Amino acid sequence: MNISYTWLKDFIQTDLTPTELSAILTDIGLEVESLDVVERVPGGLEGLVIGEVKTCSQHPNADRLKVTTVDIGADEPLHIVCGAPNVAAGQRVVVATVGTTVHPINGEPFKINKSKIRGEASEGMICAEDEIGLGAGHDGIMVLDASAPIGTPASTFFGLQDDYVFEIGLTPNRADAASHLGVARDVAAFLRSGYRMPDVSAFAAERAQPLPVTVEDTVACPRYTSLTISGVQVGESPKWLRERLIAIGVRPINNVVDVTNYVLHELGQPLHAFDADRLAGDKVIVRHAKADESFVTLDGVARKLHPEDLMICDAEKPLCIAGVFGGMDSGVTESTTRVFLESAYFNPVSVRKTSKRHGLKTDASFRFERGTDPEITVLALKRAALLITEFAGGQISTAVSDHYPNPAQPFTFDVRFDGIRRLVGKAIPDGEIKTIIEALGIAVVAETDGVLTVQVPRYKVDVTREVDMVEEVLRIYGYNNIEIGRQIKASLNTSPKPDKEVVQNQVADLLIGNGFREILSNSLTKFDYADEPERAVRILNPLSTDLDTLRQSLLFSMLEAMAYNQKRKHADLKFYEFGHTYRLDGEGYRERQHLAVAVTGNRLPQQWNHAGKPVSFYDIKAAVDAILRRLNISGWQESDVPASHYDYGVSYERGGNVLVSFGAVSRPILAKADVAGDVYYADFDWGAILKAIRKNKITYREVAKYPAVQRDLSLLVDTDVTFGMLKRIAERTERKLIKAISVFDVYKGDKLPVGKKSYALHFVLQDDEKTLADKQIDAIVKKLIANFEKEAGAAVRS
């Protein structure tokens, strides 16, 4: 979308330069993608000055040339050979000096050089108006008033001011800013100043009855306003209007059509002008297209209409596709003398469907699709009518017809100061928040105990909830005024719970930094994947049997993604996904958020100097431990993972809740998903993780002065003995000196007695007050072995 700097200043009074204004627009959410200079005339008259012809004599070698001397305010006058028949001494003229590039109306630009013309030196050119882009006349040179100051740059003398055009990357939700008025409203809110609206006080219509208008579908067309202008003379628009349209990329057509385009870009309200003498029955009907009805649009294409297309029609035929495109046989031409002018509000959904159906994208449909202001139709109609009568003559011959059976109401809702501050992340004072809201044109109708009741005008189609108001306040307050990483203070009365989105982003950043890729999969899956079929949430009318059940686990979504990649020769995979699982829970449903992490293939690819190194259980364990460390979660107990999905693995529990389960995915599960190779998978209960973060506190401890000692034990135990049981025995045996206990190997196989498994445990021992002696360490290990044998029936493997 293009916005003219000069045009914008019709609405706001400011001394901001285009560059300064560009920065402000970007800061308030109207990103300026480019800022271009638009010259009023090509070249901007650069290098042209006002001079006085001091002498003028006949060229000695040419009957049609004159030799002149011209004073341009320099130390010496210029000698210029001129072929214009009207050049004479004493004239004030426009002079192009040596080195100047001249841009004629017809032909290519050319540079003025010092030269000899028929033997006489020439140091410039005395210009005609068509030679410098100021007019079409070429009868002779431009002769200025005798008071024109010698030496003045021509651009200054003629009052030429370059315009600047902002190319704004308008987001789809900002229909309110799709005009110069809309942009001006935002700038005025930022500057805490007012803005001017076009003056339509001179509007005075005749009392004649308007043309009859019938609106058959008030949902598709909630408001339709119109009037008639008689006695117009269609012709060229004034120069200033053509220049403004050209500056923003709109091609001038004629003084009537140009006015409708001008008002569209000025106020954001599309209008349409019809030749009123072509309206059969002298009436207008807004209706849907009939079955198999066809229509020839302005581009000469015959289109077959759809019954849902809303059409502007007369008593016999369609005239225009409402809100989208005009017709070939009803538009304004050079012979038009009576204009029927339309200003309407059409339903955005209706226009969007019709526009897409016919592949038509116009300036009008662009705005109607996003939502225009139903309250501005009459103002825009009056503004256009006044401009048409000013430029094309005639008079407004009928009263305004306004079909508006169900006036649109403003969006009314409550906004909490604390709610705004919580989402913004900064303690903005109540008064400043209220000032910004009112500066945006939003009415505050009540204020009670930190809660504002607001009424949002209909042109702000995307501001319907408190969270939308937060965005509005933040835009005008300034994103750059919010410090990065700022924490909301307790004075804001916010919850002690961690911010879910912040925590999720932290974990995502950690995983991505370690080579993982995020996947997003469908929550619908196969019933065959349900681990509790009796609690599966089934779809009543599934699209297929592959999408007939809401997933109970993220595992199969992860495995399907891995199988898809493996079949395309991508075998080394590290994936993660945040998603929800669903189960029946009594009379209702239970929905929980999970984080799934999985690895397969090689940790390191094969190279010339080493073989590929496959991933193992410890890769998934490293990822799990890294996530918990990043979130500062500790104090969990370890236990064997449930066997339903895993061949082996570990669960971390805290306070009776399982934080995460991880291990090697079982072979039957891998076969069901058609996955090759080993897969190591971790399933985080995200709700339990968030609770663990909230209750945890960061404490400081000095770095130990004395070295730690490590010892390993390999134990043969019954299959029902868990690592958690062994860990608790060890912690009871030596509470002070054992700093860490972990399992680094679990083995089950035919080399062990039936009903037995092997745990390899790793112990870290350290004394904060002295170096541990071998004798003391050996005593602790012997005590550990004795207690393992006594309480868990363990035997030490040699």
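In this text the structure is predicted, and so the values were computed from the model without any measurement. (Residues numbered from 1 in each chain as written. Predicted model: local features only at pLDDT ≥ 70, side-chain atom pairs only at ≥ 80, totals over all residues. Heavy atoms only, no water.)

A few points about the sheet that holds strand 27 (residues 451-456)
- The antiparallel open sheet is built from three strands, whose spatial order is 25-27-26. A single partner strand is all that each edge strand has here, and the edge strands are strand 25 (411-416) and strand 26 (443-448). Strand after strand, the sheet turns through a mean of 20° between neighbouring axes, direction not considered.
- Where helix 10 (residues 417-424) meets the sheet, it contacts strand 25, strand 26 and strand 27, and its direction lies at approximately 70° from that of strand 25.
- Packing against the sheet, helix 12 (residues 466-477) makes contact with strand 25 and strand 27, and its axis sits at approximately 75° to strand 25. (Pairing = 2+ DSSP bridges. Helix = DSSP H or I, 4+ residues; strand = E, 2+ residues; numbered from the N terminus. Axes fitted to C-alpha atoms, helices over the stretch in contact; angles between N-to-C directions. Contact = heavy atoms within 4.5 Å.)

Quick notes on the side chain of D373
- Structurally, D373 can be placed in the loop between helix 8 (363-370) and helix 9 (377-392).
- Put simply, D373 is tucked away with no salt bridge, and the nearest opposite charge, on R185, sits 5.3 Å away.
- Here the side chain of D373 touches E375 through a polar contact of 2.9 Å, landing on its backbone nitrogen.
- Ignoring anything within four residues of it in the chain, the contact list for D373 reads Q269, R458 and Y459. (Buried < 20%, exposed > 50% of the residue type's maximum accessible area, 1.4 Å probe, protein only. Lys, Arg positive; Asp, Glu negative; His and termini not counted. Salt bridge = Lys/Arg side-chain N within 4 Å of Asp/Glu carboxyl O. Polar contact = N/O pair within 3.5 Å; in protein donor to acceptor, adjacent residues only side chain to side chain.)

Examining the packing of helix 2 (residues 18-27) against helix 4 (residues 180-191)
- Running from N to C, helix 2 and helix 4 point in directions that differ by 90°, and their axes come no closer than 10 Å. Between helix 2 and helix 4, the angle is such that the two are roughly perpendicular. The segment helix 2 lies against helix 4, with L21, I24 and L25 engaging V183, V187, F190 and L191. (Parallel < 35°, antiparallel > 145°, perpendicular 65-115°, else oblique.)

What to know about the packing of helix 6 (residues 255-267) against helix 9
- Between helix 6 and helix 9, the least distance of the axes is 9 Å, while the angle of their chain directions is 145°. Helix-helix and strand crossings are classified by hand; for helix 6 and helix 9 the assignment is right-handed. From helix 6, N255, V256, V259, Y262, V263, E266 and L267 reach across to helix 9, where they touch L379, A380, R383, A384, L387, I388, F391 and A392. (Left-handed = near helix turned anticlockwise from the far one by under 90°.)

In short, geometric facts, not functional conclusions.
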